Amino acid sequence: EDQVTQSPEALRLQEGESSSLNCSYTVSGLRGLFWYRQDPGKGPEFLFTLYSAGEEKEKERLKATLTKKESFLHITAPKPEDSATYLCAVQGYSSASKIIFGSGTRLSIRP
Amino acid sequence: NAGVTQTPKFQVLKTGQSMTLQCAQDMNHNSMYWYRQDPGMGLRLIYYSASEGTTDKGEVPNGYNVSRLNKREFSLRLESAAPSQTSVYFCASSEASSNTYEQYFGPGTRLTVT
């Protein structure tokens, strides 16, 4: 059964303090791993798709990396506007259109 | 482009009442999805429609029905609402190609069942 576990559940950082969020997954043949950002009261917003181990993608202060068992979302010199819940999701080749989501990491950046 | 739109934004129901949540997308996507989001449990798939004319159950389909009205619209119906269905409901769509299934989400419907 496909599974996604995110850690930590919550993370509080000072502005400018870099850190990483973890997403561990088990899937029977990875089609794609996705990262989303969700602001309070809004729907998730797509950030990245990673397809194979070793792949990296960047957007502003965010960089996502992928290994065979986990993905990291690195945030460099974060600003208060980066505060949000970050969701990880996976899709396996056996699950057709279905994507399995983790429960997210709530990131709070203090000015 | 409005992307994915959902109506209503908020709804309060009494136990046993019925209602339909509406979703529409203007991105010409083939696939559409309904999720519920509860604290600490992440997004759970209720039903999905891989293409117009098809629907399939997700992880938590009990108590719900769906209709893929056309390529743009996908509705979710609660026939007899229960307090356990209090949640935030999100609709999403994706262009299912050979490589990518990125989903694009609507703003959500916040449903309370008393």
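Residues numbered from 1 in each chain as written. Chains lettered and ligands numbered in written order. Predicted model: local features only at pLDDT ≥ 70, side-chain atom pairs only at ≥ 80, totals over all residues. Heavy atoms only, no water.

Draft legend 1. Representation of the nonpolar core within the structure. One finds Leu33, Trp35, Leu73 and Tyr86 of chain A to be the most contacted residues of the largest nonpolar core, which totals 23 residues. It is strand E9 (residues 84–92) of chain A that contributes the most residues to this core, four residues altogether. (Core = buried A, V, L, I, M, F, W, Y, C linked by side-chain atoms within 4.5 Å. Buried < 20%, exposed > 50% of the residue type's maximum accessible area, 1.4 Å probe, protein only. Helix = DSSP H or I, 4+ residues; strand = E, 2+ residues; numbered from the N terminus.)

Draft legend 2. Looking closely at the state of the cysteines. A complete count under the given rule lists two disulfides over all chains for this structure. Across a sulfur-sulfur distance of 2.0 Å, cysteine 23 of chain A and cysteine 88 of chain A are joined as a disulfide pair. On the sign convention where negative is left-handed, the bridge of cysteine 23 of chain A and cysteine 88 of chain A, at about -65° about the S-S bond, is left-handed. With cysteine 23 of chain A in strand E3 (residues 19–26) and cysteine 88 of chain A in strand E9, the pair connects residues that are 65 residues apart, well separated along the chain. Relative accessible area serves as the criterion here: at 0%, cysteine 23 of chain A is assigned to the buried category. Here cysteine 88 of chain A falls in the buried class, since its relative accessible area comes to 0%. Between cysteine 23 of chain B and cysteine 91 of chain B runs a disulfide, and the two sulfur atoms are separated by 1.9 Å. For the disulfide bridge between cysteine 23 of chain B and cysteine 91 of chain B, the dihedral angle about the S-S bond is near -70°, and by the sign convention the bridge is left-handed. Taken together, the positions of cysteine 23 of chain B in strand E3 (residues 19–25) and cysteine 91 of chain B in strand E9 (residues 87–94) put the pair 68 residues apart, joining distant regions of the chain. Here cysteine 23 of chain B matches cysteine 91 of chain B in class, with each residue buried. (Disulfide = S-S within 2.5 Å.)

Draft legend 3. Spotlight on the sheet that holds strand E7 (residues 62–66) of chain A. Residue and element names in this part refer to chain A. The strand order E1-E3-E8-E7-E6 describes an open sheet built from five strands, whose pairing is antiparallel. Edge positions in the sheet fall to strand E1 (3–7) and strand E6 (56–59), since each has one partner strand and no second. Each neighbouring strand pair of the sheet contributes to a mean axis angle of 15°, computed without reference to strand direction. Two elements, E1 and E3, share five bridges in a ladder whose sense is antiparallel. Across the sheet, the residue bridging to glutamine 6 is cysteine 23, located in E3. (Pairing = 2+ DSSP bridges. Axes fitted to C-alpha atoms, helices over the stretch in contact; angles between N-to-C directions.)

Draft legend 4. Representation of the interface of chain A and chain B in the model. Every contact between the two is made by 20 residues of chain A and, on the other side, 24 residues of chain B. Taken together, the two surfaces of chain A and chain B that pack against each other cover about 1700 Å², and 57% of this comes from carbon and sulfur. In this assembly, chain A and chain B are joined by zero salt bridges. Only strand E4 (30–38), strand E5 (45–50) and E9 of chain A provide two or more residues apiece to the side of chain A that touches chain B. A total of four residues in the side of chain A that touches chain B trace back to one element, the largest contributor, which is E4 of chain A. Taken together, the residues of the side of chain A that touches chain B sort by class into nine nonpolar, eight polar and three charged. (Contact = heavy atoms within 4.5 Å. Buried area = accessible area lost by both parts, 1.4 Å probe. Salt bridge = Lys/Arg side-chain N within 4 Å of Asp/Glu carboxyl O. Nonpolar A, V, L, I, M, F, W, Y, C, P; charged D, E, K, R; others polar.)

Draft legend 5. Main features of the environment of proline 8 of chain A. Residue and element names in this part refer to chain A. By the element assignment, proline 8 lies in the loop between E1 and strand E2 (10–14). Taking the relative accessible area as the measure of exposure, proline 8 reaches 30% and is therefore partly exposed. What proline 8 contacts, discounting residues up to four positions off in sequence, is Gly104 and Thr105.

Draft legend 6. Region of the structure containing the side chain of serine 87 of chain B. Residues and elements named next belong to chain B. Mapped onto the fold, serine 87 is located in strand E9. Among the polar contacts listed, one links the side chain of serine 87 to the backbone oxygen of glutamine 37, at a separation of 3.1 Å. If we ignore the near neighbours within four places in the chain, the residues touching serine 87 are Arg36, Gln37, Asp38, Thr109, Arg110 and Leu111. (Polar contact = N/O pair within 3.5 Å; in protein donor to acceptor, adjacent residues only side chain to side chain.)

Draft legend 7. How the structure looks around the packing of aromatic side chains. Residue and element names in this part refer to chain B. Applying the stated criterion across every chain, the model contains eleven aromatic pairs over all chains. Relative to phenylalanine 105, the ring of tyrosine 35 lies with its centre 5.7 Å away and its plane at 40°, an arrangement referred to as tilted. Separated by 70 residues along the polypeptide, tyrosine 35 in strand E4 (residues 31–38) and phenylalanine 105 in strand E10 (residues 104–105) bring together distant segments of the chain. Residue tyrosine 35 is classed as buried on the basis of its relative accessible area of 0%. (Phe/Tyr/Trp six-rings, centres within 6.5 Å; stacked < 30°, edge-to-face > 60°.)

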